[in-house]
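Structural overview for review
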Amino acid sequence: MRLRELINKHAINNTGFNVESEQSSGRLLNKDGSSNVKKSGISFVRRISLFHSLINMPFGTFMLSAILGFVFTNIVFAIVFYQIGLEQLNGHQTGNFLHDFFECFFFSVQTITTVGYGALHPQSFLTNCLASIESLFGWMAFAVLTGLLYGRFAKPTAYLMFSKHAIVAPYKKGKAIMFRLAPYKNNTLTEAEVLLNVAFRIHENDKVVNKFLPLETEISKISALSLNWTVVHYITESSPFYGMCEEDYSINNTEILVFIKAFDEHFSNVVQQRTSYTFDEIKHNMRFKTMFRQDHASKMTLLELDKMDEMESV
């Protein structure tokens, strides 16, 4: 009853998420911060941005895609050169099919990269035209690849690591919901801010709807994010979690939405990162263990990122 009163007074509708729960499913935000949405209704080519896909894919996948694209392109041009006839390439020594095809393949590699060793060179009008087209294609392709590589390295990224679980722990004279985060790269983040919203899935007018409420934090902004930051929502009488037991989190299909932004001095830009904690990722009557200490020389503070998720019962 008290939760419904808070929802009626303080519910927000500017989160960008759907209120009609029956028209959506699953969590609202994935753990990596992406929206749990799959788009349809238009063709695959229209709804996929090749630039965003190449910028955001894992680096290993990106490099493998670049290598496979390079090999495939040269195979295509090698087939065309082979079909035209190797007699159109001056310097060719006739051999079996495999030998001839690899001659065409490596000639294509030398052409597309503009290396041009000179062992083979086109001597007919047709092969000269094809080599010119391939050189132009290679020039443009490597320009795009260079831009993508630079874009991947220069893309402003927060590089924040979040704890896998949020916890409900004793705090002051009551309890608080906590999670923690820390930068895991050698970047410098300042003016870090956190915004929390909570989503409840409740019954209203004979249908299930999503309701969103803002969550206050003990500290919503810090000057420098050098160590880990434990974000605390103190469960007071004004909190939507006040009086809720562990089962209520599951009954209301609770999900805490986390939005972090900070200023990165290396990028000279504001960076952002998101995540969420669903009811099954909230552990009760636990507390986090300390994850930093002095180093052996007692001259520096050692932030142990492998202890991000270490906790103990209370």
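Presented here is an overview of the structure given in this document. (Residues numbered from 1 in each chain as written. Predicted model: local features only at pLDDT ≥ 70, side-chain atom pairs only at ≥ 80, totals over all residues. Heavy atoms only, no water.)

Here we look at the packing of helix H4 (residues 59-84) against helix H6 (residues 125-154)
At a closest axis distance of 12 Å, the pairing of H4 and H6 adopts a crossing angle of 175 degrees. If you check the angle between H4 and H6, you find them roughly antiparallel. Packed against H4, whose contacting residues are Phe59, Phe62, Met63, Ala66, Phe70, Thr73, Asn74, Phe77, Val80, Phe81 and Ile84, the element H6 presents Leu126, Thr127, Leu130, Ala131, Glu134, Phe137, Phe142, Leu145, Leu148, Leu149, Arg152 and Phe153 at the interface. Split into classes, the residues belonging to the contact of H4 with H6 amount to 18 nonpolar, 3 polar and 2 charged. (Axes fitted to C-alpha atoms, helices over the stretch in contact; angles between N-to-C directions. Helix = DSSP H or I, 4+ residues; strand = E, 2+ residues; numbered from the N terminus. Parallel < 35°, antiparallel > 145°, perpendicular 65-115°, else oblique. Contact = heavy atoms within 4.5 Å. Nonpolar A, V, L, I, M, F, W, Y, C, P; charged D, E, K, R; others polar.)

Focus: the packing of aromatic side chains
Taken as a whole, this structure holds 14 aromatic pairs when the rule is applied. Measuring from centroid to centroid gives 6.4 Å for phenylalanine 101 and phenylalanine 102, while their planes differ by 75 degrees, and the two rings are edge-to-face. Ring geometry for phenylalanine 105 versus phenylalanine 106: centroids 5.3 Å apart, planes at 80 degrees, classification edge-to-face. Take phenylalanine 106: its relative accessible area is 45%, and that puts it in the partly exposed class. Here the aromatic residues Tyr82, Phe97, Phe101, Phe102, Phe105 and Phe106 are joined through ring pairs into a cluster of three or more. Sitting above the plane of the phenylalanine 62 ring, arginine 152 keeps its charged end 4.8 Å from the centroid. Looking at lysine 185, its charged tip hangs above the ring of tyrosine 159, at a distance of 5.4 Å from the centre. (Phe/Tyr/Trp six-rings, centres within 6.5 Å; stacked < 30°, edge-to-face > 60°. Buried < 20%, exposed > 50% of the residue type's maximum accessible area, 1.4 Å probe, protein only. Lys NZ or Arg CZ within 6 Å of the ring centre and 35° of its normal.)

Some thoughts on the environment of threonine 301
Take threonine 301: it is sitting in strand E15 (residues 301-303). Among the residues examined, threonine 301 registers a relative accessible area of 48% and is labelled partly exposed. For the pair threonine 301 and serine 34, spaced 267 residues apart in the sequence, the C-alpha separation amounts to 33 Å. Setting aside residues no more than four positions away along its own chain, threonine 301 makes contact with Leu227, Phe292 and Arg293.

A few points about the state of the cysteines
In total, this model carries 0 disulfides according to the counting rule given. This cysteine, cysteine 104, is not joined by any disulfide, and cysteine 129 carries the nearest cysteine sulfur, 17 Å off. The exposure class assigned to cysteine 104 is buried, which follows from its relative accessible area of 0%. Judged by its relative accessible area of 30%, cysteine 129 is partly exposed. (Disulfide = S-S within 2.5 Å.)

A word on unusual backbone geometry
Most of the time, phi is negative for any residue but glycine, and the peptide bond is trans. Here the phi dihedral of lysine 172 falls at roughly 55 degrees; this positive angle occurs in a residue that is not glycine. Although it is not a glycine, asparagine 253 sits at a positive phi angle of roughly 50 degrees. Summarising the element assignment, asparagine 253 is placed in the loop between helix H7 (246-251) and strand E10 (255-264). Taking the relative accessible area as the measure of exposure, asparagine 253 reaches 28% and is therefore partly exposed.

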